[in-house]
Amino acid sequence: MLRFTIFGIPVCVEPWFWAMGFFLGNGFYHLQHGTIINVVVWMLVVFVSILAHELGHAIVGHKLGGGRTWIKLWAFGGLAYHEAARFTPRNFRLMVLAGPGAGFCLFVLTCILVMVIWPNVGGELLYKEIAFWTPRVYSAEAYNVLTIKPIKFEIFSNLIWVNLWWSLVNLLPIFPLDGGQFANTYIKSPKRLHMIGMICAGFVMILGFQYTQSMFLVMMFAFFGFQNYTAYAAAKY
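Source: prediction; values computed, not measured.

About the cut-offs
- Residues numbered from 1 in each chain as written.
- Predicted model: local features only at pLDDT ≥ 70, side-chain atom pairs only at ≥ 80, totals over all residues.
- Heavy atoms only, no water.
- Helix = DSSP H or I, 4+ residues; strand = E, 2+ residues; numbered from the N terminus.
- Rg over C-alpha atoms; globule rule 2.2 N^0.38 Å.
- Buried < 20%, exposed > 50% of the residue type's maximum accessible area, 1.4 Å probe, protein only.
- Contact = heavy atoms within 4.5 Å.
- Phe/Tyr/Trp six-rings, centres within 6.5 Å; stacked < 30°, edge-to-face > 60°.
- Lys NZ or Arg CZ within 6 Å of the ring centre and 35° of its normal.

Peer 1: Hey, could you run me through the overall build of the protein in this one?
Peer 2: The number of helices and strands found in the protein is ten helices and four strands. Secondary structure elements of the protein occur, N-terminal to C-terminal, as β-β-α-α-α-β-β-α-α-α-α-α-α-α. Relative to its length of 237 residues, the protein is compact, with a C-alpha radius of gyration of 19 Å against a globular reference of 18 Å. Dimensions of the protein, computed from the C-alpha atoms along their principal axes, are close to 60 × 40 × 35 Å.

Structure, rendered in structure tokens:
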């Protein structure tokens, strides 16, 4: 188990966190095809991105609520703990939004770097990465960027994918994701909150598999859906 401190905040990284990154990055496929460097790049990007997300929660939460703050990275991502913290509803919402906010800041920084490093084709590369559902037809110069030093651009590609799309998904009203935590401060009925969570989790499972073919993503949101179902069944109103 990896332990370290950053900005005065203790961080614990469980072994299952690395296993999650390996599976999400199609690790076994790359092992078979001799492209393990792609998995290493992906796992490092996931580590940096999720750590930045949780630091957003932790730093803002500690400033607004006090208490003892620490971070755990585990199989389903990360958690920022705020022991003995005291939040007003407004400050709690700001703490919740600070995580995705950190991800969006990292996404913007990545876009700026792409435009600086490849000024002639940066816009084209960014458009194809963000609008991943469009045909991947590149100009000759953009194609050279993707083939001559593919790992260099893959770092930026992974940073864009994780910090844009994961941040957006995390804002969906699915408890216990950030969007669900935020919605919980407004929706007074637990049954309604968890019903919304079940429905959204089902949509993410279907659309996520359609566009990514990731069984890990399906299993993760099936787990979230089940959590919301059990909470819905136990709620009285």
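Peer 1: Before we go on, may I ask you to explain helix α1 (residues 15–24) in this structure?
Peer 2: Since the α-helix turns once every 3.6 residues, residues separated by three or four places project in the same direction. Taken together, the buried positions of α1 are Phe17, Met20, Gly21 and Phe22. Where α1 is buried, its residues meet β2 (9–13), α2 (27–32), α3 (36–65), β3 (68–74), β4 (77–83) and α10 (215–234). Downstream of α1 by one or two residues, Asn26 has phi in the positive range, about 55 degrees.

Peer 1: In this structure, what is going on with the side chain of Ser49? I would like to understand it.
Peer 2: Mapping Ser49 onto the fold places it in helix α3. The class for Ser49 is buried, based on a relative accessible area of 3%. Contacts of Ser49, omitting those with residues within four sequence positions, involve Leu106, Leu159, Val162 and Asn163.

Peer 1: Help me understand the packing of aromatic side chains, please; the structure alone is not making it clear to me.
Peer 2: Remark: the centre distance and the inter-plane angle together describe each pair of aromatic rings, the angle taken between the planes. By the definition in use, this model includes 15 aromatic pairs. On the basis of an interplanar angle of 75 degrees and a centroid distance of 6.0 Å, the ring pair of Phe22 and Phe23 is categorised as edge-to-face. Using a relative accessible area of 18% as the deciding quantity, one classes Phe22 as buried. The partly exposed category is assigned to Phe23, whose relative accessible area is 41%. Ring centres of Phe223 and Phe224 lie 6.1 Å apart, and the angle between their planes is 50 degrees; this geometry places the pair in the tilted category. A connected cluster of aromatic rings, assembled from ring pairs, spans Phe4, Phe17, Trp18 and Phe47. Lying across the ring of Tyr186, Arg93 places its NZ or CZ 4.2 Å from the centre.

None of this, on its own, says anything about what the molecule does.
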